[in-house]
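# A structural walkthrough
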Amino acid sequence: MQKTLTRCAAICLGLFLSGAVAAASKPGRQVQDPHYGDVLFYFYQDNFFEAITRLMAAREVGRAKAHTEDGDLLMGGMLLSYGQHEQAAAIFRHLLDTSTKPAVRDRAWFYLARVSYERAALNQAEEALGHIGTSLPERLEAERQILRAQVLMAQSRYDEAAAILKDWKGPPDWAGYARFNLGIALIRAERGDEGLKLLDEVGNAVTNDPEQLALRDRANLALGFAAIQAEQPATAVTALQRVRLEGPYSNKALLGLGWAESALDHDRGALVPWQELQKRELIDPAVQESFLAVPYALARLHANNLAAARYQDAIKTFETETGRLDASIANIRGGKLLSALLAEDSDQNKDKKGAPDQLGAGLHLEKLPNTTESHYLVYLLASRPFQEGLKNYRDLRFLHDNLTQWTTDVAVFSDMLSTQKLAYQQRQPKVTQALQQIDLDAIDHQRGAYSERLRTIEDKQDGAGLANATELRQLASLENINARIAALGNAPEAEGLREQVRLLKGVLLWNLDHDYKLRLWQQKRVQTALDDAVAQAQAQRRAVDDAQQGIPARLAGFAQRVDKQTPRIAELKQKTDTLLSRQQAFLQDLAVHELEQYKARLHQYTVEARFALAQIYDRAAEQETPGGAATAPVPAAVEPAPTQVPGQ
Amino acid sequence: MRLSAILPIVICCLLSGTAAAQSPAAPATAAAATAPAAADDFHSLDQDVQALKQQVLELNRDLFVLQEDLLFPANTQVAVFLSVDVGTFFSLDTVKLTIDGSQVASYLYTPREAEALLKGGVQRFYIGNLKTGEHEVVAVFTGKGTHNRDYRQGTSLKLDKGIGAKFVELKISDLQRKQQPEFLVRVWE
């Protein structure tokens, strides 16, 4: 369901890792909106949670509109990688309904095919693949072929799948995995010869790449066991000897090699790999099995005393192992396994990516934690249900942390709003008082009066109306002097004074008249500036009034939005905790179930060892009985034949 | 032991288990045989987890928008983005951003972040509030230039902040003609 494992685990690992990346813009491509680029910034760091959140938020506020289709493809790809199949499929269907661009449509069909395949809707997957034209980018085209081969294999149409893989043009490592899986599928479909041929090709690959070496070992291991099953022990020996002596498959290969040699009646040869196995960590099932295999071979070599001693050793060993299993089950029930696995994943995540745990990222569990139970559970841990469950568990812990962080942040928002409200309440009276002291209406009235007066002056072309303060004082002085002259009556000196005043007044009025146009222009400029200033003051006043009236509403609106989130977060947190418990129980049950099976198997081993021991004793008793069947002498020890072990 | 490398052994084990079972003392191998009820449990749990994830994503979207509205109202909001185009002549280490003489942000890039920028990501590395009017924005970039030499360069912008959010993009580009990086500023409307 999510990106780590699928039916054909190895192939799909490659597909998933590249899936969402392929949906995004090519490197260096110009973004048309920085907010979309911001989404890509997180996307390219594999931080899908942040990228999805930012893309959703950008769209919520009407941003990133220039990247509608790109954004849809990106969102669909990320949701798919993130395990949200339904939503991803809805996005791709929407794109097919709305877009006419072949590049977009081909991608949408490709992802829909993948969603269908993931949900085992093979016919739908095939149909979607059939719609894809020629507009997929190179990497996606390579993935398309692999996906098609997977669908065909799942439909048991092996010939068609083989034909696709034969002409495969893509990363060579993918081809190796694909051939391996096809080989396995053919063998399961009882087309052993074809399957073995494919596995033989993979098993003979020349490579130095660690991943490919591991795949080669795996192919040889599968080939070896398939050959044993097909009663071709010689072929099995050849294949199993190609497995490296030190590697993840070496123990199973050694075990198989012993059985192949045994099938060839090379019991001394069988002892070589089995005795090598006995030197290894007992925790491995193959090693445990060797404790039965060695005495089995010894018994076949008639070394009955030695075989009996080894069977007794095996019984003790299995009993000890059973005790360890009980302790491991108790540890798992106590939650230690999950903690250890997540700690290991987290450490490896940091080493590899330099990023913290994040939702939607793949597990980076490349080595097991150093606990007894994790080594018992190596195959379970690699299984899809466990991997997916563990990933869900880790995602739930991420969600828990995310919600916890928001709980704190929303409380801070709430405090911030309270502080803003208090500050407003404290400032508001002072602001109101300050505003009351400014009578803008009176100022505007004065501005109007001034404007009216200027208009009158202009209508009358009244130069004196534009006199400055000095000139007005001078005019007033002249009028005053005139009055005093009038008081002199017809005195002889009065006439001269009148003439002098008239002359002075004439000069003053002439000057005013002369400067009239300039002064009128200047006054009009003053008037314009005054109009602007008053208008600006009125606008600011309105803004202040609006703000004063709007702030409480704005704060109340925010408070309402914040208050709504608190119970929402609490509810989600509760759901998360419940799911965490369920998920933990699910994983622990899986692990315990697995260990119980181990215990049952060890019990079975013990029974078989006891039975074999009893048979040896019976045979010994028969030999001692007079008239008993003559048997070959029992050697005290058996030296293994110099048989080649894997990888040497 | 590399776990990822042994994942497909689940398939392999199906074969090996069958083969080994033919031998008298070789019971089935450790192929993961999960409890029958596990598949149903897994499906049901997975559905519930997916539903929860969607709800948490929607919550994060709403809270992301709320946080931005609350802390950076549209009237005063200024966001500064950083992008890198090609990047042949300059490898980015740090950026310092100054507005009206005050340093408001500085950022040290990890290789992972620098790679995300090179792939086409655009980082919103500063968001804040500014009053309407003219402001001076100065960014100083440090990193490695051609021949791995230390490189430091600044770029500035007179930003006229009106009513409404303002988005500024600082872009590091390659100037092929001079074989040098160039630092461009773009104001998004």
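Right above here is the structure, for reference.
Keep in mind it's a predicted model, so treat the numbers as computed, not measured. (Residues numbered from 1 in each chain as written. Chains lettered and ligands numbered in written order. Predicted model: local features only at pLDDT ≥ 70, side-chain atom pairs only at ≥ 80, totals over all residues. Heavy atoms only, no water.)

Okay, the overall build of chain A next. Helix and strand counts for chain A come out as 25 helices and 0 strands. Scored against the burial criterion, the 648 residues of chain A give a buried share of 50%. Long-range pairs, those at least 24 residues apart, make up 68% of the contacts in chain A with a sequence separation of at least 6. Only carbon and sulfur atoms are counted for the fraction: they give 52% of the accessible area of chain A, which is about 30400 Å². (Helix = DSSP H or I, 4+ residues; strand = E, 2+ residues; numbered from the N terminus. Buried < 20%, exposed > 50% of the residue type's maximum accessible area, 1.4 Å probe, protein only. Contact = heavy atoms within 4.5 Å. Areas by Shrake-Rupley, 256 points an atom, 1.4 Å probe, with all protein chains shown as cover.)

Once that is clear, we can look at the overall build of chain B. Tallying secondary structure elements over chain B gives 3 helices and 8 strands in all. Starting at the N terminus and walking to the C terminus, you meet the elements of chain B as α-α-β-β-β-α-β-β-β-β-β. Residues classed as buried in chain B amount to 54% of the 189 residues present. Long-range contacts, defined as pairs at least 24 residues apart, comprise 62% of the intrachain contacts of chain B with a sequence gap of at least 6. Summing over all exposed atoms, chain B offers an accessible surface of approximately 8400 Å²; the carbon and sulfur share of this is 50%.

Now for the sheet that holds strand S6 (residues 150-161) of chain B. Residues and elements named next belong to chain B. Strand order in the open sheet formed by 4 strands is S3-S2-S5-S6, with antiparallel pairing between adjacent strands. Of all strands in the sheet, those with a lone pairing partner are strand S3 (102-108) and S6, marking the two edges. Each adjacent strand pair in this sheet contributes to an overall mean axis angle of 20°, direction not counted. Two strands pair when backbone bridges link them, and strand S5 (residues 133-144) and S6 are joined in this way by 12 bridges, in the antiparallel orientation. Pairing of Val137 across the sheet is with Leu157, part of S6. (Pairing = 2+ DSSP bridges. Axes fitted to C-alpha atoms, helices over the stretch in contact; angles between N-to-C directions.)

This part is about the environment of Ala214 of chain A. Relative to the elements of secondary structure, Ala214 of chain A occurs in helix H12 (residues 210-229). Along the primary structure Ala214 of chain A and Arg244 of chain A are separated by 30 residues, whereas in three dimensions their C-alpha atoms are 8.8 Å apart.

Here we come to the sheet that holds strand S4 (residues 122-129) of chain B. One open sheet accounts for 4 strands, arranged S4-S1-S7-S8 (chain B); its pairing is mixed. Strands with a single pairing partner mark the edges of an open sheet, and in this sheet they are S4 and strand S8 (180-188) of chain B. Taken pair by pair, the neighbouring strands of this sheet meet at an average axis angle of 20°, ignoring direction. Taken together, the 7 bridges between strand S1 (residues 77-84) of chain B and strand S7 (residues 166-175) of chain B define a ladder with parallel strand orientation. Paired with Val84 of chain B across the strands is Ile172 of chain B, a residue of S7 of chain B. Each of S1, S4, S7 and S8 of chain B is contacted by helix H2 (residues 34-43) of chain A, which is oriented at about 120° to S4 of chain B, the strand it contacts most.

Moving on, we get to the packing of aromatic side chains. By the definition in use, this model includes 15 aromatic pairs over all chains. Measuring from centroid to centroid gives 5.7 Å for Phe43 of chain A and Phe48 of chain A, while their planes differ by 20°, and the two rings are stacked. Comparing Phe43 of chain A with Phe48 of chain A shows no difference in burial state: the two are buried. Centre to centre, the rings of Phe90 of chain B and Tyr151 of chain B are 5.6 Å apart; their planes meet at 70°, and the pair counts as edge-to-face. With Phe90 of chain B in the loop between S1 and strand S2 (91-99) and Tyr151 of chain B in strand S6, the pair connects residues that are 61 residues apart, well separated along the chain. An identical accessibility class is assigned to Phe90 of chain B and Tyr151 of chain B; each is buried. Taken together, the ring pairs connect Phe90, Phe141, Tyr151 and Phe183 of chain B into an aromatic cluster. Residue placement shows Arg218 of chain A over the ring face of Phe180 of chain A; its charged tip is 5.7 Å from the ring centre. The ring of Trp188 of chain B is capped by Arg186 of chain B, whose NZ or CZ atom sits 3.7 Å from the centre of that ring. (Phe/Tyr/Trp six-rings, centres within 6.5 Å; stacked < 30°, edge-to-face > 60°. Lys NZ or Arg CZ within 6 Å of the ring centre and 35° of its normal.)

Glancing now at the packing of helix H15 (residues 267-278) of chain A against helix H16 (residues 285-300) of chain A. Residues and elements named next belong to chain A. In contact at an axis separation of 9 Å, H15 and H16 are set at 150° when each is read in the N-to-C sense. By the angle between their axes, H15 is roughly antiparallel relative to H16. Viewed along their axes, H15 and H16 form a crossing whose handedness is left-handed. Of the residues in H16, those in contact with Asp267, Leu271, Trp274, Gln275, Leu277 and Gln278 of H15 are Ala286, Val287, Ser290, Phe291, Ala293, Val294, Tyr296, Ala297, Leu298 and Arg300. Classifying every residue of the contact of H15 with H16 by side-chain character gives 11 nonpolar, 3 polar and 2 charged. (Parallel < 35°, antiparallel > 145°, perpendicular 65-115°, else oblique. Left-handed = near helix turned anticlockwise from the far one by under 90°. Nonpolar A, V, L, I, M, F, W, Y, C, P; charged D, E, K, R; others polar.)

The next thing to look at is the pairing of S5 of chain B. All names here are of chain B. Relative to S5, S2 runs antiparallel, the two being bridged by 8 bridges. Pairing of Thr98 across the sheet is with Val138, part of S5. Between S5 and S6, which pair antiparallel one after the other, the connecting turn spans 5 residues, and His147 there sits at a positive phi close to 55°.

As a further point, take helix H11 (residues 192-203) of chain A. Residue and element names in this part refer to chain A. With 12 residues, H11 extends 16 Å from end C-alpha to end C-alpha; this agrees with the ideal 16 Å at 1.5 Å per step. Of all the residues in H11, the buried ones are Gly195, Leu196, Leu198, Leu199, Val202 and Gly203. Projected down its long axis, H11 shows its buried positions confined to an angular sector of 160°, all on one face. Away from the buried face of H11 by more than 90 degrees, exposed residues Asp193 and Lys197 are located. (Expected span 1.5 Å × (residues − 1). Arc of directions from axis to C-beta.)

Here we come to the nonpolar core. Trp274 and Phe386 of chain A together with Leu82, Leu97 and Phe141 of chain B are the most contacted members of the largest nonpolar core, which totals 173 residues. Here this core gets 20 residues from one element, more than from any other, and that element is helix H25 (residues 516-624) of chain A. When residues of this core are assigned to domains, at least three fall in each of domain 1 (7-70) and domain 2 (77-188) of chain B. Leave out the neighbours within four places in its chain, and Trp274 of chain A touches Leu254, Leu255, Gly258, Trp259, Ser262, Ser290, Ala293, Val294, Tyr296 and Ala297 of chain A. One finds Tyr158, Ile164, Leu182 and Leu186 of chain A within the second-largest nonpolar core, a separate group that totals 17 residues. (Core = buried A, V, L, I, M, F, W, Y, C linked by side-chain atoms within 4.5 Å. Domains from an automatic or database assignment.)

Attention shifts here to the pattern of salt bridges. Within the structure shown, the criterion is met by 45 salt bridges over all chains. The shortest N-O distance in the salt bridge between Arg502 of chain A and Glu499 of chain A comes to 2.3 Å. Taken together, the residues span about one helical turn, with Arg502 of chain A and Glu499 of chain A both in helix H24 (residues 492-514) at a distance of 3 residues. Judged by relative accessible area, Arg502 of chain A falls into the exposed class, the value being 51%. Relative accessible area serves as the criterion here: at 36%, Glu499 of chain A is assigned to the partly exposed category. Taken together, the shared-partner salt bridges connect Glu60 and Arg568 of chain A together with Arg61 and Asp62 of chain B into one network. (Salt bridge = Lys/Arg side-chain N within 4 Å of Asp/Glu carboxyl O.)

A volume near 650 Å³ is recorded for the second largest pocket. Lining the second largest pocket are 17 residues, and of these Ala547, Ile551 and Arg554 of chain A together with Asn75 and Thr76 of chain B lie nearest its centre. Where the lining of the second largest pocket is concerned, the elements lending two or more residues are helix H21 (384-436) and H25 of chain A. Take the lining of the second largest pocket: its biggest share by element is 5 residues, from H25 of chain A. In the lining of the second largest pocket, the residues fall into 9 nonpolar, 5 polar and 3 charged. (1 Å grid on protein atoms, 1.4 Å probe; cavity = no way out; pocket = protein on both sides within 12 Å on 5 of 7 lines; lining within 4 Å. Points joined across faces, edges and corners; volume = space filled by probe spheres on them.)

Let us now look at the pairing of S1 of chain B. With respect to burial, S1 of chain B is a largely interior element, 8 of its 8 residues being buried. By the alternation rule, side chains of S1 of chain B split into Gln77, Ala79, Phe81 and Ser83 of chain B and Val78, Val80, Leu82 and Val84 of chain B, which are all buried.

Here the focus is the side chain of Gln548 of chain A. Among the structural elements, Gln548 of chain A can be located in helix H25. Contact partners of Gln548 of chain A, with chain neighbours within four places excluded, come to Tyr424, Gln428, Val431, Thr432 and Leu435 of chain A.

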